[in-house]
Amino acid sequence: MRDLLYKNLTSFDRSRKIIASSEITDKEGIHSVVRRHFACMVKEPENTDPEKQRPYLYVVKERNTKQKREHFFCKIKGSFLAENKGKLLHILFIHTLRVELSASAKLGEQTG
């Protein structure tokens with residue numbers, strides 16, 4: 001079984017865009033949930049603190065053999081400057097990926 005969910009949201013002035021997807025599968029005794037989320041925002045550049053605009057990367061991986069679960073999470077955040085038709089733009093983005101794996105409930109029913 002495989003369930004997919006996809007969302008594509010854009011603001012009226014097109015300055016903000018969010019794309020999200022979720023995929024749930026049960027295959028070969030493994031239940032997996034994969035969630036992706038991407039958001040970006042276009043603004044005019046501001047003179048703000050450079051520390052707030054530094055790229056950011058966060059990764060977590062957990063494994064629990066007793067509960068037969070694995071979890072992975074990654075978050076990337078950053079920004080860059082671009083020029084369009086002579087106008088300077090500040091583009092901010094964030095991307096997250098979450099993967100959760102566990103023993104399928106169907107597998108537990110078969111062995112128990």
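Residues numbered from 1 in each chain as written. Predicted model: local features only at pLDDT ≥ 70, side-chain atom pairs only at ≥ 80, totals over all residues. Heavy atoms only, no water.

Details of the packing of aromatic side chains
Turning to step 1, where the next piece is worked out: One pass over the structure, following the stated rule, counts 2 aromatic pairs.
Turning to step 2, where the next piece is worked out: Judged by centre distance (6.1 Å) and plane angle (65°), the rings of Tyr 58 and Phe 73 are edge-to-face. Highlighted residues: Tyr 58 in strand β4 (residues 56-64) and Phe 73 in strand β5 (residues 69-84), separated in sequence by 15 residues.
Turning to step 3, where the next piece is worked out: With a relative accessible area of 39%, Tyr 58 lands in the partly exposed category.
Turning to step 4, where the next piece is worked out: Summarising the aromatic geometry, the rings of Phe 80 and Phe 93 are spaced 6.2 Å apart at their centres and angled 50° between planes, so their arrangement reads as tilted. Separated by 13 residues along the polypeptide, Phe 80 in strand β5 and Phe 93 in strand β6 (residues 87-103) bring together distant segments of the chain. (Phe/Tyr/Trp six-rings, centres within 6.5 Å; stacked < 30°, edge-to-face > 60°. Helix = DSSP H or I, 4+ residues; strand = E, 2+ residues; numbered from the N terminus. Buried < 20%, exposed > 50% of the residue type's maximum accessible area, 1.4 Å probe, protein only.)

Some words on the sheet that holds β6
Hydrogen bonds along the backbone pair up the strands of a sheet, which may run parallel or antiparallel.
Turning to step 1, where the next piece is worked out: Strand order in the open sheet formed by 6 strands is β1-β2-β3-β6-β5-β4, with antiparallel pairing between adjacent strands. On the outer flanks of this sheet lie β1 (2-10) and β4, each paired with one strand and no other. For this sheet, the mean angle separating the axes of adjacent strands, direction not counted, is 5°.
Turning to step 2, where the next piece is worked out: Summarising the sheet, strand β3 (residues 30-43) and β6 pair through 14 bridges and their orientation is antiparallel. Bridge pairing links His 31 to Ser 102 in β6. (Pairing = 2+ DSSP bridges. Axes fitted to C-alpha atoms, helices over the stretch in contact; angles between N-to-C directions.)

Quick word on the pattern of salt bridges
Turning to step 1, where the next piece is worked out: Counted under the stated rule, the structure contains 3 salt bridges.
Turning to step 2, where the next piece is worked out: Where Lys 87 meets Glu 44, a salt bridge forms, and the shortest distance between an N and an O atom there is 3.7 Å. Of this pair, Lys 87 sits in strand β6 while Glu 44 sits in the loop between β3 and β4, and the two are 43 residues apart along the sequence. (Salt bridge = Lys/Arg side-chain N within 4 Å of Asp/Glu carboxyl O.)

Focus on the pairing of β4
Turning to step 1, where the next piece is worked out: Across 9 bridges, the pairing between β4 and β5 is antiparallel. Within β5, the residue paired with Tyr 56 across the bridge is Lys 77.

Regarding the environment of Lys 43
Turning to step 1, where the next piece is worked out: With respect to the helices and strands, the residue Lys 43 is situated in strand β3.
Turning to step 2, where the next piece is worked out: Spatially, the C-alpha atom of Lys 43 lies 5.2 Å from that of His 90, the residues being 47 residues apart in sequence.
Turning to step 3, where the next piece is worked out: Non-local contacts of Lys 43, meaning those with residues more than four positions away in its chain, are made with Leu 89, His 90 and Leu 92. (Contact = heavy atoms within 4.5 Å.)

What about the environment of Asp 26?
Turning to step 1, where the next piece is worked out: Within the secondary structure, Asp 26 is located in strand β2 (residues 16-27).
Turning to step 2, where the next piece is worked out: Asp 26 sits 78 residues away from Ser 104 along the chain, and the two C-alpha atoms are 6.7 Å apart.
Turning to step 3, where the next piece is worked out: A polar contact is formed between the side chain of Asp 26 and the side chain of His 31, at a distance of 2.8 Å. (Polar contact = N/O pair within 3.5 Å; in protein donor to acceptor, adjacent residues only side chain to side chain.)

Details of the side chain of Glu 23
Turning to step 1, where the next piece is worked out: Among the secondary structure elements, Glu 23 is positioned in strand β2.
Turning to step 2, where the next piece is worked out: Discounting residues that sit within four places of it in the chain, Glu 23 has contacts with Arg 2, Asp 3, Leu 4, Ser 32, Val 33, Val 34 and Arg 36.

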